[in-house]
Amino acid sequence: MKKNEFDDFVRLLKALEPWLHSIVIVGGWANRLYRFHGLAQEIEYKPLMTFDTDVAVPKNLPPEHEDIGQRLHQNGFTERFLGDHQPPVTQYRLGDEDGGFYAEFLTPLEGNGYTRDGKPDQTVRIAGVSSQKLRYLQVLLQSSWTVTLKPSDEVRVEKETAVQVANPTAFIVQKLLIRDKRDKAQLAKDVLYIHDTIELFGARLEILNELWQNSVRPNLHPNHAAMVRSSAARLFSGLNDSIRNASQIARAAGRRMTAEDVQAVCRAGLNVILADS
């Protein structure tokens, strides 16, 4: 059977099956999985391609009979270590080639990011895997949505599989919070992810606003909630290189989209999603 682009992701889900009720898919794969949610509307273009899967894990992940590391090895994943942190930043890869599919595990950063003796506190071992500590990740673990994948030609799961994904408002808000930490290429992709998420749920933006008012904003520090709005205003109040680069990514994938289109959708959508009651 010919391999499709979902096969590696399904293999990851098989490895993570005992924890699927507790972990949350975030990043680019969350955006792809939104298309299987009942509130998403059909859009003609394909999702933005990504080979890495970001998996958010709570610090107190419930124990199981096996650990995640063992399950990943059993399903063909191997570690690639990066940097000199202890434990090291780790990519869990299928195959040895660069540019292939891999998973990274993320957990919320608490405190100032340093240990008492002044060393960077950026990684932690949870359930047998190295997980990177990231600020603002907690927003992605709260009020997650469930997407059910059913056996089909596109997604060759063996049975119906429920997957937790960051809710779309949290997905957008976290990207606005980390805007200043992203490089040029990352920020352009984030802009396109925000645009595509707004289009996917464009007919139900009031639900994304309810998530902001009832789930996301109440769990943010007031300064961070203000930062979300100011970041949205700075990013989409006028045309800029990030918006232009996002439209170039879309056009390279065969989509007809101008920078003005990107700005208009994001600005209008965020005005609704982040509105007060």
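For the structure itself, look to the data block above.
Structural notes, computed from the coordinates. (Residues numbered from 1 in each chain as written. Predicted model: local features only at pLDDT ≥ 70, side-chain atom pairs only at ≥ 80, totals over all residues. Heavy atoms only, no water.)

Moving on: unusual backbone geometry. The linkage connecting Q86 with the following residue, P87, adopts the cis geometry, with an omega of -5°. Inspection of the secondary structure assignment puts P87 in the loop between β3 (77–82) and β4 (89–94). With a phi close to 50°, A127 is a non-glycine residue in the positive phi region. With respect to the helices, strands and loops of the structure, A127 is situated in the loop between β6 (123–126) and β7 (129–134). Taking relative accessible area as the criterion, A127 reaches 29% and is therefore assigned partly exposed. At Y136, a residue that is not glycine, the phi angle is positive and equals roughly 70°. As for its position among the elements, Y136 is in the loop between β7 and α4 (138–141). (Helix = DSSP H or I, 4+ residues; strand = E, 2+ residues; numbered from the N terminus. Buried < 20%, exposed > 50% of the residue type's maximum accessible area, 1.4 Å probe, protein only.)

Moving on, we get to the pattern of salt bridges. In total, this model carries twelve salt bridges according to the counting rule given. Where E66 meets R71, a salt bridge forms, and the shortest distance between an N and an O atom there is 3.6 Å. Look at E66 and you get partly exposed, because its relative accessible area is 29%. Two residues, R229 and D276, come together in a salt bridge whose shortest N-O distance is 2.6 Å. Highlighted residues: R229 in helix α8 (residues 222–236) and D276 in the segment after α10 (259–273), separated in sequence by 47 residues. (Salt bridge = Lys/Arg side-chain N within 4 Å of Asp/Glu carboxyl O.)

Let us now look at the pairing of β3. In this sheet, β4 lies alongside β3 in antiparallel orientation, the contact comprising six bridges. Within the sheet, the bridge partner assigned to L82 lies in β4 and is V89. Here β3 hands over to β4 after six residues, with G83 in that stretch at a positive phi of 75°. (Pairing = 2+ DSSP bridges.)

On to the packing of aromatic side chains, then. Summed over all chains, the structure comprises eleven aromatic pairs. The interplanar angle of 85° and the centroid separation of 5.7 Å between the aromatic rings of Y34 and F171 together place this pair among those described as edge-to-face. One end of the pair, Y34, is in the loop between α2 (28–33) and β2 (52–56); the other, F171, is in helix α5 (residues 168–177), with 137 residues separating them in the sequence. Across this residue pair, the class does not change: Y34 and F171 are buried. For the pair F171 and Y193, a centre-to-centre distance of 6.1 Å together with 85° between the ring planes defines the contact as edge-to-face. Of the two residues, F171 sits in helix α5 while Y193 sits in helix α6 (residues 184–200), which places them 22 residues apart along the sequence. Residue F171 shares its accessibility class with Y193, and that shared class is buried. Here a set of aromatic residues connected by ring pairs shows up, and it is made of F6, F9, W29, F36, F77 and F101. We note R32 situated over the ring of W29; from NZ or CZ to the ring centre the distance is 4.5 Å. Between R255 and the ring centre of Y45, over which it is positioned, the NZ or CZ distance is 3.5 Å. (Phe/Tyr/Trp six-rings, centres within 6.5 Å; stacked < 30°, edge-to-face > 60°. Lys NZ or Arg CZ within 6 Å of the ring centre and 35° of its normal.)

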